[in-house]
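Listed below, chain by chain, are the residues.
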Amino acid sequence: MDWKERLHMDLQRDEGLRLKAYRCTSGVLTIGYGHTGRVKPGDVITKDEADTLLRADIAVAIADAKVVCKCFDSLSPPRKAVLANMAFNLGQERLSLFQRTLAAVCAGQYKQAALHMKDSLWSRQVGQRAARLAQQMSTGKWQ
């Protein structure tokens, strides 16, 4: 399986599917699998539409991860997926604030990168997702 398909499956699990617009924990209107662009109160979509939005959002997340992590292309597929998952969840700007994590990743210090990931507000907010992604970063193996 291609790593992007695995990322797609992971994000489906991490984000959950809601076909009717709702406000996420930070108050942003959201629909589908965590999609936040141009969502209006009362919007309803189909599962197929949610999958289409997710694929487009994944492309953006991968591009964002590449911008903030200069060594992205040299990483193993599971580690690429970690950074893309974080970019999906956080956005480019907030992911760029993980400077110690990103520096450790590019230095090949994956265990240290995982420790920095876990030592963050993001980790406390997303709980098991962060624990799983940190383990995946540390080991380079799919979790």
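Residues numbered from 1 in each chain as written. Predicted model: local features only at pLDDT ≥ 70, side-chain atom pairs only at ≥ 80, totals over all residues. Heavy atoms only, no water.

Q: I'm lost on the state of the cysteines in this one. Help?
A: In protein chemistry, a disulfide is the covalent bond that joins the sulfur atoms of two cysteines. Tallied over the full model, the rule gives 1 disulfide. The disulfide partner of Cys-71 is Cys-106, and the S-S distance across this bridge is 2.3 Å. Because the sign of the S-S torsion sets the handedness, a value of about -95° for the bond joining Cys-71 and Cys-106 places this disulfide among the left-handed ones. Highlighted residues: Cys-71 in the loop between α2 (47–68) and α3 (77–96) and Cys-106 in helix α4 (residues 99–106), separated in sequence by 35 residues. For Cys-71, a relative accessible area of 14% corresponds to the buried category. With no disulfide of its own, Cys-69 lies 3.6 Å from the sulfur of Cys-71, the closest cysteine sulfur. Judged by relative accessible area, Cys-69 falls into the buried class, the value being 1%. (Disulfide = S-S within 2.5 Å. Helix = DSSP H or I, 4+ residues; strand = E, 2+ residues; numbered from the N terminus. Buried < 20%, exposed > 50% of the residue type's maximum accessible area, 1.4 Å probe, protein only.)

Q: How do you make sense of helix α5 (residues 110–118) when you look at a structure like this?
A: Since the α-helix advances by 3.6 residues per turn, residues separated by three or four positions end up pointing in the same direction. Listed as buried for α5 are Ala-113, Ala-114, His-116 and Met-117. When α5 is viewed along its axis, its buried side chains cluster within an angular range of 160° and face the same direction. Residues of α5 that are buried in the fold lie against α3, α4, α6 (121–126) and α7 (128–139). (Arc of directions from axis to C-beta. Contact = heavy atoms within 4.5 Å.)

Q: Is there a simple way to think about the packing of aromatic side chains in this case?
A: A ring pair, where both rings are aromatic, is described by two values, the distance of the centres and the angle of the planes. Summed over all chains, the structure comprises 2 aromatic pairs. Summarising the aromatic geometry, the rings of Phe-98 and Trp-122 are spaced 6.0 Å apart at their centres and angled 85° between planes, so their arrangement reads as edge-to-face. One end of the pair, Phe-98, is in the loop between α3 and α4; the other, Trp-122, is in helix α6, with 24 residues separating them in the sequence. Note on Phe-98: relative accessible area 13%, which makes it buried. (Phe/Tyr/Trp six-rings, centres within 6.5 Å; stacked < 30°, edge-to-face > 60°.)

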